[in-house]
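So you can see what is in the structure, the chains are spelled out below.
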Amino acid sequence: MDLNIRGRRALVTGADSGIGFATVQLLLAEGATVVMTDHDPDKLTHAVDKLSELDNRPYAFAADVTDPAAIERLAQQVGDEVGDLDILINVAGIHGEGGLFHEISQEGWDHTLDVDLMGPVRVTRAFLPGLRRGGWGRLVFVSSEDAVQPYDDELPYCAAKAGLLSLAKGLSRTYASEGLLVNTVSPAFIATPMTDEMMNERAESLGVTCDEAIASFLREERPFMELGRRGQPEEVAHVIAFLCSDAASFVNGSNYRVDSGSVATI
Ligand code: NAP
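Because the structure is a prediction, the values reported are computed rather than measured.

Secondary structure assignment for the protein yields 8 helices and 7 strands. Taking 2.2 N^0.38 as the reference for a compact globule, 266 residues should give roughly 18 Å; the C-alpha atoms of the protein span a radius of gyration of 18 Å, in line with that estimate. Principal-axis analysis of the C-alpha atoms places the extent of the protein at approximately 50 × 40 × 40 Å. Buried residues in the protein amount to 51% of all 266 residues. For the protein, restricting intrachain contacts to residue pairs at least 6 apart in sequence, the fraction spanning at least 24 positions comes to 71%.

A few words now on the pairing of strand 4 (residues 87–90). A two-sided burial pattern is seen for strand 4, the buried positions comprising Ile 87 and Ile 89 on one face and Leu 88 and Asn 90 on the other. Judged from the 3 bridges that link them, strand 1 (residues 9–13) and strand 4 form a sheet pairing that is parallel. Bridged to Val 12 within strand 4 is Ile 89. One ladder, built from 4 bridges, connects strand 4 with strand 5 (residues 137–142); its direction is parallel. Paired with Leu 88 across the strands is Leu 139, a residue of strand 5. In the classification by handedness, the crossover that spans strand 4, the intervening helix 4 (residues 106–134) and the parallel strand 5 is right-handed.

Our next topic: the packing of helix 4 against helix 5 (residues 155–175). What describes two packed helices is the angle between their axes and the distance between those same axes. One way to put it is that helix 4 packs onto helix 5 with a least axis distance of 8 Å and a crossing angle of 20°. Classed by the angle they form, the pair helix 4 and helix 5 counts as roughly parallel. Every pair of crossing elements has a handedness; the one defined by helix 4 and helix 5 is right-handed. Contacts between helix 4 and helix 5 involve Trp 109, Thr 112, Leu 113, Asp 116, Leu 117, Pro 120, Val 121, Thr 124, Leu 128 and Arg 132 on the former and, on the latter, Leu 155, Pro 156, Tyr 157, Ala 159, Ala 160, Gly 163, Leu 164, Leu 167, Leu 171 and Tyr 175.

Right, let's get into unusual backbone geometry. Phi angles above zero are rare outside glycine, and Phe 189 is one such case at about 45°. In this fold, Phe 189 is placed in the loop between strand 6 (180–187) and helix 6 (193–206). For Ser 260, which is not glycine, the phi torsion reads 55° and is therefore positive. With respect to the element layout, Ser 260 can be found in the segment after strand 7 (255–258). A residue is classified by how much of its surface remains accessible, and Ser 260, at 23% relative accessible area, is partly exposed.

For the ligand, the set of nearby residues contains 30 residues, the closest of which are Ser 17, Asp 38, Tyr 157, Ile 190 and Thr 192. Within the side chain of Asp 64, one N or O atom sits 2.8 Å away from a nitrogen atom of the ligand. In isolation the ligand exposes 880 Å². Once the protein is present, 91% of that is buried. Those elements giving two or more residues to the shell around the ligand turn out to be helix 1 (18–29), helix 5 and helix 6. Ranked by residue count, the leading element in the shell around the ligand is helix 6, at 3 residues. Considered class by class, the residues forming the shell around the ligand number 15 nonpolar, 10 polar and 5 charged.

What counts and what doesn't
- Residues numbered from 1 in each chain as written.
- Predicted model: local features only at pLDDT ≥ 70, side-chain atom pairs only at ≥ 80, totals over all residues.
- Heavy atoms only, no water.
- Helix = DSSP H or I, 4+ residues; strand = E, 2+ residues; numbered from the N terminus.
- Rg over C-alpha atoms; globule rule 2.2 N^0.38 Å.
- Buried < 20%, exposed > 50% of the residue type's maximum accessible area, 1.4 Å probe, protein only.
- Contact = heavy atoms within 4.5 Å.
- Pairing = 2+ DSSP bridges.
- Right-handed = clockwise from strand over helix to strand, strands pointing away.
- Axes fitted to C-alpha atoms, helices over the stretch in contact; angles between N-to-C directions.
- Parallel < 35°, antiparallel > 145°, perpendicular 65-115°, else oblique.
- Left-handed = near helix turned anticlockwise from the far one by under 90°.
- Near = heavy atom within 4 Å.
- Polar contact = N/O pair within 3.5 Å; in protein donor to acceptor, adjacent residues only side chain to side chain.
- Areas by Shrake-Rupley, 256 points an atom, 1.4 Å probe, with all protein chains shown as cover.
- Nonpolar A, V, L, I, M, F, W, Y, C, P; charged D, E, K, R; others polar.

Geometric descriptors of this kind do not, in isolation, establish any biological role.
What follows is the structure, encoded as structure tokens:
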């Protein structure tokens, strides 16, 4: 399917790793002009180096989504060097502090909500004026299965991701008439550094190998993931890219689950 996004200007947050990096690769292959942003300048440079063989090279600017001044600078740099965006994809996120409600610190709550909910709010606020000028736009927020199926040992993450669903749905009402379509993608258990870290911790606490930790996690904690494996970042990126395309011209205010059935409800 031709996504028809050749030359469209896209910015991806959380772009040097996991789902963000896979999305960057796919958009570049589709001929989009891609701006990568993430908060660690060295990791960002390393990710850009991995794309050095491509004719279609990305732009890259480091910025921390919790830092309002850095996001303002990012918007200025992108405006000066790339121009107004057509596509904004909010991927950056953290799992944050885990544990039962009474075990989680105030700082754990503040930081998780700051990165996972207020980060996308800041980035969207900074780029919205340019997106509105274009008259054609796509905004995608990466939420999580946890938004609608909360796990009681990761409530700050669940609450932040549920907030993103609400934010995106509200934005989809305001700007559709201007040509901006807003949707969310909600993955579950994708093979990225985020879940590698979770599985390494699980392996250590159970005294098993990482593969055994993954198998027991799927069996005990994610019984409705019917495909019985972790997803690949590319499997999420394909859905994100579709939502950024002309092919998704009648899709607005939706939440696409990419979770192998993990969310138990219809
Ligand atoms: P990942 O590889 O860890 O990617 C997340 C990226 O966000 C990392 O590059 C990370 O940088 C960056 N980031 C963290 N804090 C940031 C900040 N303050 N400012 C800017 N960038 C920041 O994990 P992933 O699995 O691809 O996650 C991507 C998104 O998918 C996240 O929003 C996550 O919640 C969501 N998600 C993932 C899964 C899954 O199973 N993997 C499931 C549901 C939802 P550093 O690594 O350098 O800190």
